[in-house]
Amino acid sequence: MTQGTSGTPAGGDRRRQAPASTYRLQVTADFTLDDAAAVAGYLADLGVTHAYSSPLLRSAAGSTHGYDTTDHAHIDEPRGGRAGFDRFVAALHAAHLGLVLDLVPNHMGVADAHESGWWWDLLRLGRDSAHADAFDVDWDFGGGRVRLPVLGSAEDLAKVELVQARTGGAVEWELHYYDNRFPVAPGTAQAGDDPVAVHARQHYELVDWRRADAELNYRRFFAINTLAGLRAEDPAVFAATHELVVALVESGAVDALRIDHPDGLADPQGYLARLAGATGGRWTVVEKILEPGEQLPGSWAAAGTTGYDALAEVDGVLVDPAGEPALTALDTELAGREVDYAQLVHDCKREVTDGILGSEVARLARIVGELPGVSPAELTEALAELLAGFPVYRSYLPDGRQHLDETVHAIRERRPELTAAVDALHPLLGTAGTELATRFEQTSGPVMAKGVEDSAYYRWARFVALNEVGGDPARFGTSVADFHAAQQVRAERLPESMTTLSTHDTKRSEDVRARLAVLAELPTEWAGLVRSWLDRHPLADRSLAHLVWQNLVGAWPLSRERAHAYVEKAAREAGTSTTWTNPVQEFEDQLHALVDAAFDDATTSAEIEQFVQRIAPFGWSNSLSQKLLQLTIAGVPDVYQGTELWDFSLVDPDNRRPVDYDLRRSLLARLDEGWVPPVDETGAAKLLVVSRALRHRRDTPGAFAGYTPVEATGTATESVVAFDRGDVVTVATRLPVRLARTGWGDTALQLPTGAWRDLLTGTRVVSDAHGAPVGELLTQLPVALLVRG
């Protein structure tokens, strides 16, 4: 049986309780459900209570992530199918573990129309399809035909072939374009027909892929043409897409859910309420990215988010704000100007509204129609400005109405010529439940994601440790007081929300960011190195070069292949010197030459090695601190696969590499024999922190019930952050470079008097009238997890 958070067998209402902790597994054709089953015992030994799986429903052939579901009624066969799933669940239950399943309600994969039965039927029968209402198609735009942007050029339509193929046991006519198959409507083709003429009679139109930016007529996930939006707000669509998952919940195979991209849904609140009703109120978290200070709507039937907000809070308290002026000066020098980040974000978002999401903006304009005194061009411009200026991912009217009001006011100030247009749009966009307001909400999130996460984050290289999902690169570090305030709010409002430090979507792993945080304490030394490397290996895009050098140092040592793959993706995402759709070979050759120089130029390679060797111990200290903070603040901590040891990964697909579980098992066994490892390159110290914190959360959940800051006094108070969760106290080092200069000296924690014992090392200290001496406590590790001695 699975366990509840108290460690007792789950059942009845206990199944609705939150996990004590989770461990994310990326299940693929290369790491199957049987492979996942094989690590169940290890996960139990590590101390987690629930495995947390990536999406498992049938997905597009070759999918490495599972977010492109093609059939909601089956478990994906390459990942192990239903039989593999059953074996996985049996292994989890044998190890007294539960399962959190990742669910994708917003869209489904349509890259291969033939793989998706619903999409195939839609294309074959058009509005008469039984699944026509499942997809978000604007039938009135495009002459009642779904536009499919698959052709290399308009002239390529002549390359389409009419063939007979077997589908579901029957032989039917199909149109083929290279490897792409498309259905033919009944009675619209016969032998000898011209394929182009047959194509003209279909419910879809094959068009030049370049037309997707402005002329598409179906909702997508972001700008991915092969992920078609679903209308989960339709009760029939919800029932059909959730039937298997609900059955798995009812059978006890699935205990809890993670909901992907709720911001794409027409009515997230309604969806979550319906899901809670169907699943009996199981613990559910949503992949919702909150801007700093933003709160999850209280009306949602969700325990919280997947943890990017916690990530930003934990990272921030380990960054030294004193490094901001020097790193800003370096960035200004390299960029040739002082970067206005707010303006950069606006401009990047406008590139999105005017480019890859132009079809979505055009659809909004079609819904509005004519506005008195407003030209079509002014209407489109006003909509684009409203989307670009929206300060959060989206509103959920009436929740978040203030963000629309603020955006309208800002545009009137900045673009007075658009006043008439935005004033006319304001009441229309602010009326909850209308098609226009809903579609605006569904569009603002993708504009934010593509403009900020996938563009601005790659263009502003001042300090890339802060360029992370859910963060704000303009906020350079967080004070200990602000960190405590945020955690007290978390404990009061969202005590069962997930917390995380690394995911399959983070731009850099937690340990890369922890190492890069050291640069904020050594900004002058770092600037000197960067200048010398740029002089030796010039690149026209100096800001991008700075981003590259930071990431190389953050992940060093890494293979040449990983480095080349990363810089190519980073450069194309930035879009300043090369792009995905128009690669500039000359620039990319220079960029790859810079990477080769990091490995082949003797002086540069030696300088990288020496600098990494110098900062690595400080990075390890930051890593252990951020991990213990994340594992012990309020919430349900998640450990991303493999990150219980050091993991120096960059953006996907780099962060989805295989995990060596044999190594982790052997190190954990040594720890359980009493070994207290040094803080070194093996990462065993991190495994010690993770396993001891997770086990304590599992075995004594009542110890993590409140949140009270613990005061520090003495000479190095700025280098420690500590808090009391009720019956356990977390102590973590921050700003380790500064600490190395001063030492702990007389620094003490103002704990209640008496004996205290560290669960990590066994170290015992006594707190007296002067407190507990930090120097005695943190002799072996830079962190401690204290209980009464």
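Everything quoted here is computed from the prediction, not taken from an experiment.

Caption draft 1: Seen up close, the overall build of the protein. The number of helices and strands found in the protein is 27 helices and 27 strands. For 789 residues, the compact-globule estimate of 2.2 N^0.38 gives 28 Å, and the C-alpha radius of gyration of the protein, at 27 Å, lies within 12% of that figure. By its C-alpha atoms, the protein is 90 × 60 × 55 Å across when sized along the principal axes. For the protein, buried positions account for 61% of its 789 residues. Here the contacts in the protein between residues at least 6 apart in sequence split such that 72% fall between residues at least 24 apart. For the protein, the exposed area adds up to about 28100 Å²; of that, 51% sits on carbon and sulfur atoms. Here the protein carries 72 positive and 112 negative side-chain charges, and the mean point of each set is 2 Å from the other.

Caption draft 2: Quick peek at the confidence of the model for the protein. Looking at the protein, pLDDT values average 96 and 98% of them are 70 or higher. In the model, residues 1-14 has pLDDT below 50 throughout and makes 37 contacts with residues more than four positions away in sequence or in other chains.

Caption draft 3: Helix α11 (residues 341-353), seen in detail. Over its 13 residues, α11 runs 18 Å from end to end, which matches the ideal 18 Å to within 8%, given 1.5 Å per residue. The complete set of buried residues in α11 reads Y341, L344, V345, H346, C348, K349, R350, V352 and T353. Where the residues of α11 are buried, they touch α12 (358-368), α13 (376-389), α14 (401-414) and α16 (435-459).

Caption draft 4: Expanded view of empty space enclosed by the protein. Enumeration over the complete set of coordinates arrives at six cavities of 30 Å³ or more. Space inside the largest cavity adds up to approximately 210 Å³. Around the largest cavity, the lining is made up of 19 residues, and of these R219, R220, E360, R439 and T443 lie nearest the centre. Put simply, the parts of the chain that give the lining of the largest cavity at least two residues each are β12 (220-221), α12 and α16. Along the lines of polarity and charge, the residues of the lining of the largest cavity split into seven nonpolar, seven polar and five charged.

Caption draft 5: Broad picture of the environment of V512. By the secondary structure assignment, V512 is in helix α18 (residues 510-516). A sequence separation of 38 residues divides V512 from Q550, and the C-alpha atoms of the two residues are 9.7 Å apart.

Caption draft 6: Representation of the layout of surface pockets in the model. In this structure, the second largest pocket occupies an estimated 700 Å³ of space. Taken together, 31 residues line the second largest pocket, and the ones lying closest to its centre are P292, G293, D309, E313 and R475. Within the residue set of the lining of the second largest pocket, elements represented by two or more residues are α9 (308-317) and α17 (480-493). If one sorts the elements of the lining of the second largest pocket by residue count, α17 sits on top with seven residues. Grouping the constituent residues of the lining of the second largest pocket by class yields 13 nonpolar, seven polar and eleven charged.

Caption draft 7: Examining the sheet that holds strand β8 (residues 161-167) more closely. Pairing is antiparallel across the open sheet formed by three strands, whose spatial order is β8-β9-β10. Strands with a single pairing partner mark the edges of an open sheet, and in this sheet they are β8 and β10 (180-183). Going across the sheet, the axis of each strand differs from the next one's by a mean of 45 degrees, ignoring polarity. Judged from the seven bridges that link them, β8 and strand β9 (residues 170-177) form a sheet pairing that is antiparallel.

Caption draft 8: Quick peek at the nonpolar core. Ranked by internal contacts, the top residues of the largest apolar core, which has 143 residues, are L25, F85, W526 and W549. The leading source of residues in this core is helix α23 (residues 602-632), at eleven residues. Excluding its chain neighbours within four sequence positions, the residues that come into contact with F85 are L33, L56, I75, G80, L99, L248, A253 and V254. Of all hydrophobic cores here, the second largest spans 33 residues; its members include W119, W120, L123 and L206.

Caption draft 9: Fine view of the pattern of salt bridges. Per the stated rule, a full pass over the model turns up 67 salt bridges. For the salt bridge of E313 with R490, the shortest nitrogen-to-oxygen distance reads 3.0 Å. Of this pair, E313 sits in helix α9 while R490 sits in helix α17, placing them 177 residues apart in sequence. By relative accessible area, E313 is classed as partly exposed at 21%. Accessibility expressed as a relative area gives 5% for R490, which makes it buried. Between R656 and D505 there is a salt bridge, with its nearest N and O atoms 3.6 Å apart.

Analysis parameters
Residue positions within a chain follow its written sequence, with the count starting from 1. Thresholds applied to this predicted model are a pLDDT of at least 70 for local features of residues and 80 or more for the giving and counting of side-chain atom pairs; totals over whole chains, interfaces and linings are not thresholded and use all residues. Side-chain descriptors were evaluated using all non-hydrogen atoms of the structure, hydrogens and water having been removed beforehand. Only runs of H or I of at least four residues qualify as helices and only runs of E of at least two qualify as strands under DSSP, and these elements are numbered from the N terminus. Our radius of gyration is a C-alpha quantity, and the globule rule it is checked against amounts to 2.2 Å times the number of residues to the power 0.38. Think of it in three bands: with a 1.4 Å probe and only protein chains considered, a residue is buried below 20% of the maximum accessible area for its type, exposed above 50%, and partly exposed in between. Any two residues whose heavy atoms approach within 4.5 Å are treated as being in contact. In this description, accessible areas are obtained by the Shrake-Rupley approach with a 1.4 Å probe, and a residue is regarded as covered only by the protein chains that are shown. In this charge count, Lys and Arg are treated as positive and Asp and Glu as negative; neither His nor the chain ends contribute. Here the site of a charge means NZ on Lys, CZ on Arg, CG on Asp, or CD on Glu. Summary of the metric used: pLDDT quantifies the predictor's per-residue confidence within the range 0 to 100. The span expected for a helix works out to 1.5 Å for each residue beyond the first. Think of a 1 Å grid over just the protein atoms. A cavity is a set of points where a 1.4 Å probe fits yet cannot get out, a pocket is an open set with protein on both sides within 12 Å along at least five of seven lines, and lining residues have an atom within 4 Å of a point. Grid points are joined across faces, edges and corners, and a volume is the space filled by probe spheres set on the points. Polar here means any residue outside two lists: the nonpolar Ala, Val, Leu, Ile, Met, Phe, Trp, Tyr, Cys and Pro, and the charged Asp, Glu, Lys and Arg; Gly therefore counts as polar. Strands pair, by our definition, only if DSSP identifies at least two bridges between them. Here an angle of 0 to 180 degrees is reported between the N-to-C directions of two axes, which are lines fitted to C-alpha atoms, with helices fitted over the stretch in contact. Among buried residues, those of type Ala, Val, Leu, Ile, Met, Phe, Trp, Tyr and Cys that are joined through side-chain atoms within 4.5 Å constitute a nonpolar core. Think of a salt bridge as a Lys or Arg side-chain nitrogen and an Asp or Glu carboxyl oxygen that are within 4 Å of each other.

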